[in-house]
Amino acid sequence: QVTISSRSVWMVSGSSSQTASDGVALPCWLAGMAVLLGWAAFSWLRLRRQVAASVNVAKGVYICDDIASPFILGVLHPRIYLPSGLTGATLESVLRHERAHLKRRDHWWKPLAHVLIAVYWFNPLLWAAYVLLCRDIELACDERVVRDMTREDRAAYSQALLQCSLNRRRRL
């Protein structure tokens, strides 16, 4: 009984068992992965330095003068960082939104998705899925927060999110 594999066909035909792209594909893939993971590490370190002077105002909640929009930083010990200047209903709405992220464990899912992007950086469908995941994460938190709100509270919540979005755009 004779079995023929594609590798033996290459050897029988007199060609090398490797194609020219085999020697380039792995280093290229590793370089792309290193660039994306390196950029993530650089961004994380820059963000950590940016929030180093933040002030703890409640358990797991920090106020920082150097940020434009609220976010959660940390996978194992997540902290909510809020820009200074948020008060009243805006502050309460933003905190509800960020706490919804924590309840949904979004601080685990987004880094996991970024690792997948780093590994499969060459796949445009994964990039599209990542963009949609990030959008869906935000929409799911909004839905969770407004689920039991009155119409007036929803309007105030929308206004608070809009204000945070405008502050972020001004800083960029």
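Everything discussed here concerns the structure shown above.
Residues numbered from 1 in each chain as written. Predicted model: local features only at pLDDT ≥ 70, side-chain atom pairs only at ≥ 80, totals over all residues. Heavy atoms only, no water.

A. Local environment of a nonpolar patch on the surface. Residues Val75, Leu76, Trp108, Trp109, Leu112, Leu116, Tyr120 and Phe122 make up a contiguous nonpolar surface patch of roughly 870 Å² in combined accessible area. In this structure, Tyr120 sits in the loop between α4 (106-119) and α5 (124-146). Taking the relative accessible area as the measure of exposure, Tyr120 reaches 41% and is therefore partly exposed. (Patch = residues over 30% accessible without salt bridge, like charges linked within 9 Å, V, L, I, M, F, W, Y side chains within 5 Å. Areas by Shrake-Rupley, 256 points an atom, 1.4 Å probe, with all protein chains shown as cover. Salt bridge = Lys/Arg side-chain N within 4 Å of Asp/Glu carboxyl O. Helix = DSSP H or I, 4+ residues; strand = E, 2+ residues; numbered from the N terminus. Buried < 20%, exposed > 50% of the residue type's maximum accessible area, 1.4 Å probe, protein only.)

B. Structural view of the packing of aromatic side chains. Per the stated rule, a full pass over the model turns up five aromatic pairs. Ring geometry for Trp39 versus Phe42: centroids 5.4 Å apart, planes at 40°, classification tilted. Taken together, the residues Trp39 and Phe42, both in helix α2 (residues 22-50) and three residues apart, mark about one turn of the helix. Seen in terms of ring centroids, Trp121 and Phe122 are 5.9 Å apart; in terms of plane orientation they differ by 80°. Their pairing is edge-to-face. Residue classification places Trp121 among the partly exposed positions, given a relative accessible area of 24%. (Phe/Tyr/Trp six-rings, centres within 6.5 Å; stacked < 30°, edge-to-face > 60°.)

C. Looking closely at the environment of Gln163. For Gln163, the location among the structural elements is in helix α6 (residues 151-171). Residue class for Gln163 comes out partly exposed when judged on its relative accessible area of 31%. On a C-alpha basis, the gap between Gln163 and Thr90 in space is 8.4 Å, while along the polypeptide they are 73 residues apart.

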